[in-house]
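Remarks on the overall topology
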Amino acid sequence: MESSKGYERGLTWIKPSFLWMMYRCGWAAKEGQETVLAVEISREGFDWALGNAELSHYERGVHPDRATWQRTLRHAPARVQWDPERDLHLNRLPYRSLQLGLAGEASRRYADEWTVAIRDVTPLAREIHELARAGKADEAARLLPDERSYPAPAATPGT
């Protein structure tokens with residue numbers, strides 16, 4: 001759903017989880033993160049990025065060795081990272097959500113080809129946060145964007 005310039009230099013991060021993004025930006029209250037945009041991209045583009053991604057961390061049994069993983073990561077146009085999903089109060093949940101970092105060719109395709117629509121969801125984020133803080137979790141949950149499991153291509157790193 002949302003994307004932001006990430007903590008790794010030169011990467012644009014796609015964060016499909018609304019609540020994980022709220023955790024990251026503090027419900028649009030963190031300095032420099034007061035605006036939250038929902039960026040809709042094509043499925044074709046998302047699948048291309050997943051299919052051309054490498055895990056952001058070395059994992060024994062997935063990679064032949066650390067040096068091979070580092071070489072592959074250095075040349076990959078996208079990287080996959082799995083972070084704990086969040087609830088309405090931004091507490092960790094026992095499962096993870098995908099973060100997809102884009103660089104080079106993937107960043108260019110994202111900006112020039114894959115982006116379908118961009119919406120400012122800052123007012124929605126603030127409304128949901130206020131309802132959650134007021135103890136109106138059911139009302140807040142009804143306003144959350146519809147998020148469903150994504151049938152990832154077989155080659156998705158870390159799945």
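It should be noted that the structure appears before, not after, this text.
Figured I'd write up the structure that's included with this text. (Residues numbered from 1 in each chain as written. Predicted model: local features only at pLDDT ≥ 70, side-chain atom pairs only at ≥ 80, totals over all residues. Heavy atoms only, no water.)

Focus on the overall build of the protein
Looking only at helices and strands, the protein features six helices and seven strands. In sequence order, the protein lays out its α and β elements as β-β-α-β-α-β-α-β-β-α-β-α-α. The burial tally for the protein puts 40% of its 159 residues in the buried class. Intrachain contacts of the protein at a sequence separation of at least 6 include 63% that bridge at least 24 residues. When the accessible area of the protein is evaluated, it comes to approximately 9200 Å², of which 48% is carbon and sulfur surface. (Helix = DSSP H or I, 4+ residues; strand = E, 2+ residues; numbered from the N terminus. Buried < 20%, exposed > 50% of the residue type's maximum accessible area, 1.4 Å probe, protein only. Contact = heavy atoms within 4.5 Å. Areas by Shrake-Rupley, 256 points an atom, 1.4 Å probe, with all protein chains shown as cover.)

A look at helix α4 (residues 104-114)
Side chains that are three or four residues apart share a direction in an α-helix, a result of its 3.6 residues per turn. Where α4 is concerned, the buried positions are A106, S107, Y110 and W114. The arc that holds every buried residue of α4, seen down its axis, measures 110 degrees, which confines them to one face. Residues R108, A111, D112 and E113 are exposed on α4 and point more than 90 degrees away from its buried face. (Arc of directions from axis to C-beta.)

Digging into the pairing of strand β6 (residues 92-102)
With three bridges connecting them, strand β2 (residues 12-15) and β6 associate as antiparallel partners. In the sheet register, T12 faces β6, and the bridge partner there is L102. In this sheet, β6 lies alongside strand β5 (residues 78-86) in antiparallel orientation, the contact comprising eight bridges. Across the sheet, the residue bridging to A78 is L102, located in β6. (Pairing = 2+ DSSP bridges.)

Considerations on the side chain of E54
You can see E54 is positioned in strand β4 (residues 53-55). Although buried, E54 forms no salt bridge, and the nearest oppositely charged side chain, R79, lies 9.2 Å from it. At 2.6 Å, the side chain of E54 and the side chain of H63 are in polar contact. (Lys, Arg positive; Asp, Glu negative; His and termini not counted. Salt bridge = Lys/Arg side-chain N within 4 Å of Asp/Glu carboxyl O. Polar contact = N/O pair within 3.5 Å; in protein donor to acceptor, adjacent residues only side chain to side chain.)

What to know about the pattern of salt bridges
Inspection of the entire model under this criterion finds four salt bridges. Taking the shortest distance from any N to any O, the salt bridge between E130 and R133 comes out at 3.7 Å. Placement of the pair is E130 and R133 together in helix α5 (residues 122-133), with a separation of three residues, close to one helical turn. Look at R133 and you get exposed, because its relative accessible area is 60%. Here D146 and R148 are joined by a salt bridge, their closest N and O atoms 3.0 Å apart. A residue is classified by how much of its surface remains accessible, and D146, at 58% relative accessible area, is exposed. With relative accessibility at 69%, the residue R148 sits in the exposed group.

What to know about the packing of aromatic side chains
Here the structure, examined in full by the defined rule, presents four aromatic pairs. Ring geometry for F46 versus Y150: centroids 5.1 Å apart, planes at 80 degrees, classification edge-to-face. With F46 in helix α2 (residues 43-51) and Y150 in the segment after α6 (137-143), the pair connects residues that are 104 residues apart, well separated along the chain. With relative accessibility at 10%, the residue F46 sits in the buried group. In this arrangement the basic side chain of R86 is found over the ring face of Y23, its NZ or CZ atom lying 3.6 Å from the centre. Lying across the ring of W48, R109 places its NZ or CZ 4.3 Å from the centre. (Phe/Tyr/Trp six-rings, centres within 6.5 Å; stacked < 30°, edge-to-face > 60°. Lys NZ or Arg CZ within 6 Å of the ring centre and 35° of its normal.)

Digging into the nonpolar core
Generally speaking, soluble globular proteins have nonpolar side chains that are buried together. Of all hydrophobic cores here, the largest spans 17 residues; its most connected members are F18, M22, W27, V36, L88, I128 and A140. Every element with two or more residues in this core is listed here: α1 (18-25) and α5. When residues in this core are grouped by element, the largest group, five residues, is from α1. Not counting residues within four places of it along the chain, the set of residues in contact with M22 comprises W27, V36, L90 and A125. (Core = buried A, V, L, I, M, F, W, Y, C linked by side-chain atoms within 4.5 Å.)

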